[in-house]
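Listed below are the residues making up each chain.
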Amino acid sequence: MADEQAEPGADEAEGGRTADTSGQGVVAAFGQSLKTLRTRAGMEREEFGKRLGYSASTIASFEQGRRIPPPRAIDRSDEVLGADGLLKVWKDQLERAQYPALFQGMAQLEKQAIELLVYDTMMVNGLLQTEEYMRALLDMRRPPLDQETIEQRVTARLARQDVFDRRPAPLLGFVMDESVLRHRYGGKVVVRGQLEHLLLIGQRRNVELQVMPTECEDNAGVNGPFTVVTRKDGKKFLYVEAQNTSSLATDPEQTVLAAARYGIIRSQALTPRESLEFIEKLLGEL
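Residues numbered from 1 in each chain as written. Predicted model: local features only at pLDDT ≥ 70, side-chain atom pairs only at ≥ 80, totals over all residues. Heavy atoms only, no water.

1. Section: helix H13 (residues 272-285)
Point 1. The end-to-end C-alpha separation of H13 is 20 Å, in line with the 20 Å expected for 14 residues at 1.5 Å each.
Point 2. Listing the buried residues of H13 in full gives Ser275, Leu276, Phe278, Ile279, Leu282 and Leu283. Take H13 and look down its axis: the buried residues cluster within an arc of 160 degrees, on one side only. Opposite the buried face of H13, at more than 90 degrees from it, the exposed residues are Arg273 and Gly284.
Point 3. Tucked inside the fold, the buried residues of H13 contact helix H10 (178-182), helix H11 (188-201) and strand E3 (207-212). (Helix = DSSP H or I, 4+ residues; strand = E, 2+ residues; numbered from the N terminus. Expected span 1.5 Å × (residues − 1). Buried < 20%, exposed > 50% of the residue type's maximum accessible area, 1.4 Å probe, protein only. Arc of directions from axis to C-beta. Contact = heavy atoms within 4.5 Å.)

Dropping the structure here:
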């Protein structure tokens, strides 16, 4: 579920905690700074928006802290308003703030990962989701999310998928229960697009995508979903998320055992080739 500070994020993980703030204060402070600089420049929202390629209402949402501007909009704002870098310094903090508090540390670790091992039991992992599938999941949240939050999370989750094109390419392993693929979240059209996307991702050389069939009599993953991240310095992290809570652990015993458990799960699941054939079969059944 729930998309997604280079070293600060890792430091929080080492303390056994996830980020405990949503970052809303950062977003509001940036918005106030943006408004102050625009006003000092004697520029109306409509004029400023035209120069950035946004409507006046979108500029208002940036200034009021209701929406997080993308990096290019921050850079352009700095140039247009002659801010001399005063707006650009917010970019890293705003990037963190676009993720839910429980995921901020993990989002930063993904960027530093040389290996990412994921086991999912409820839904397709955020790194593998199509935009339509993301929206279907976010629309189902209860209590409901407001539209601006949904847009923010879709943007953030799509940005995380840059991991597939990073160089050098990290090693990415995904094992998911068969039930994940059979859920009709969003309807047949959305599911069809998602399955087709998995077939494409599964062909990448740095990706191993596997399915744990429901008929399998042994499954070392019965305790639920988890992710093991190995950072460039060799340090491992164990990330677990459920019911709007998360933990990001670095205890060597926990992380080593989790990695070993993932290895067992991988051996019990269908092979990558068998898994792609299985997904093709499900696609044909839709």
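2. Description of the pattern of salt bridges
Point 1. One pass over the full model with this rule turns up 15 salt bridges.
Point 2. Of the charged contacts, one joins lysine 91 and aspartate 75 as a salt bridge, the two residues approaching to 3.0 Å between their closest N and O atoms. Of this pair, lysine 91 sits in helix H6 (residues 91-97) while aspartate 75 sits in helix H5 (residues 71-80), and the two are 16 residues apart along the sequence.
Point 3. The shortest N-O distance in the salt bridge between arginine 135 and glutamate 151 comes to 2.8 Å. Here the residue arginine 135 occupies a position in helix H8 (residues 131-139), and glutamate 151 occupies one in helix H9 (residues 147-160), the gap between them amounting to 16 residues.
Point 4. The class for arginine 135 is partly exposed, based on a relative accessible area of 24%.
Point 5. Glutamate 151 gets classed as partly exposed once you look at its relative accessible area, which sits at 31%.
Point 6. One salt-bridge network, held together by shared partners, links Glu178, Arg182, Lys281 and Glu285. (Salt bridge = Lys/Arg side-chain N within 4 Å of Asp/Glu carboxyl O.)

3. Details of the sheet that holds E3
The strands making up a sheet are joined through hydrogen bonds of the backbone, oriented either antiparallel or parallel.
Point 1. Spatially, 6 strands are ordered E3-E2-E1-E4-E5-E6 in an open sheet, and the strand pairing comes out mixed. The sheet terminates laterally at E3 and strand E6 (245-249), the two strands that pair on one side only. Strand-to-strand twist in this sheet, taken as the mean axis angle between neighbours without regard to direction, amounts to 10 degrees.
Point 2. The sheet contact formed by strand E4 (residues 226-231) and strand E5 (residues 236-242) spans 4 bridges and is antiparallel. Residue pairing in the sheet places valine 229 in a bridge with phenylalanine 237 of E5. (Pairing = 2+ DSSP bridges. Axes fitted to C-alpha atoms, helices over the stretch in contact; angles between N-to-C directions.)

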